[in-house]
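# What the coordinates show
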Amino acid sequence: TAEYRRGLIRVTLAASPRRGRVLAAKAAVIAAVAFVTGLAAAAVVVTVGQRELRADGVGVYPVTWLTELRVIAGTGVVLAGAALLALGLGALLRRSAGAVSAAIVLVVLPYLLAFGVLPQGAGAWLLRVTPAAAFAVQQTLPQYPQVSDVYVSSAGYFPLSAWAGLAVLGAWAALALGLAALALRRRDA
């Protein structure tokens, strides 16, 4: 969004007049950088974190290497999706502070509200329809139907599967980028 504030968007669009292509290039770069950064950070945190927790005597539930791989790769995908959502919001709002604030409100705030503030039903609903649903990819323990416990609010369980949660975030990011592409075509630089 700094391009809008400084007027450099005119130079960018003069060099490449196809506005959708400019947005797509920005999306490809930001998604790749966010994915690689998230992948590297999650790999370090999961491997070193488990070792440190076990060394400190904290019980860590064992999971398969495929589950660890899903958590690590899924975290990279979540960060890439959130970055794409923020990019779309930034192109729509043309303000960095507004775009970052809106992205945080859409991704993080529902998660915080669902696991501590709202009643179970409202929290589960938020975790189904907001981009925070994507955090389900980090859930490692299965939910068993024979256990009659409050899963959502007490232990951090998500109402959607990992892949469904990622699909919700993907839909939000696609909507934001689609609206941004439409707005970029219709308004002046």
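For the structure, see preceding data.
Computed from a predicted model, the values in this text were never measured in an experiment.

What counts, and at which threshold
Residues numbered from 1 in each chain as written. Predicted model: local features only at pLDDT ≥ 70, side-chain atom pairs only at ≥ 80, totals over all residues. Heavy atoms only, no water. Helix = DSSP H or I, 4+ residues; strand = E, 2+ residues; numbered from the N terminus. Expected span 1.5 Å × (residues − 1). Buried < 20%, exposed > 50% of the residue type's maximum accessible area, 1.4 Å probe, protein only. Contact = heavy atoms within 4.5 Å. Axes fitted to C-alpha atoms, helices over the stretch in contact; angles between N-to-C directions. Parallel < 35°, antiparallel > 145°, perpendicular 65-115°, else oblique. Left-handed = near helix turned anticlockwise from the far one by under 90°. Nonpolar A, V, L, I, M, F, W, Y, C, P; charged D, E, K, R; others polar. Core = buried A, V, L, I, M, F, W, Y, C linked by side-chain atoms within 4.5 Å.

### With respect to helix H3 (residues 19-55)
- Its 37 residues place the ends of H3 53 Å apart at the C-alpha level, agreeing with the 54 Å of an ideal helix rising 1.5 Å per residue.
- Among the residues of H3, those classed as buried are Val22, Leu23, Ala27, Ala31, Ala34, Gly38, Ala42, Val46 and Gln50.
- Among the structural elements, helix H2 (9-15), helix H4 (65-93) and helix H8 (162-186) are those in contact with the buried residues of H3.
- Among the residues trailing H3, Gly57 stands out with phi positive, at a value near 85 degrees.

### Describing the environment of Pro159
- Along the chain, Pro159 turns up in the loop between helix H7 (151-155) and H8.
- Overall, the relative accessible area of 27% leaves Pro159 in the partly exposed class.
- Along the chain, Pro159 and Ala134 lie 25 residues apart, while their C-alpha atoms are 11 Å from each other.
- For Pro159, the residues in contact, after removing those within four places along its chain, are Ala124, Leu127 and Arg128.

### Details of the packing of H4 against helix H5 (residues 96-114)
- H5 packs onto H4 with a crossing angle of 135 degrees between their chain directions and a minimal axis gap of 8 Å. Taken together, the axis directions place H4 and H5 in an arrangement best described as oblique. Judged by the twist between their axes, the crossing of H4 over H5 is right-handed. Residue-level contacts link Leu85, Ala86, Leu89, Gly90 and Leu93 of H4 to Gly98, Ala99, Ala102, Ala103, Leu106 and Val107 of H5.
- Taken together, the residues of the contact of H4 with H5 break down into nine nonpolar, two polar and no charged.

### So, the packing of H3 against H8
- Direction vectors running N to C along H3 and H8 enclose 145 degrees, while the axes themselves pass 9 Å from each other. The interaxial crossing formed by H3 with H8 has right-handed handedness. Residues Arg19, Leu23 and Ala27 of H3 pack against Leu177, Ala180, Ala181, Leu184 and Arg185 of H8.
- Each residue belonging to the contact of H3 with H8 can be placed in one class, and the counts come to six nonpolar, no polar and two charged.

### With respect to the nonpolar core
- Judged by nonpolar contacts, the single largest core of 37 residues is most densely connected at Leu23 and Val78.
- When residues of this core are assigned to their parent elements, the largest contribution, nine residues, is made by H8.
- Those residues in contact with Leu23 that lie beyond four places of it in its chain are Leu87, Ala91, Leu177, Ala180, Ala181 and Leu184.

Function-wise, these values are silent; they only describe arrangement.
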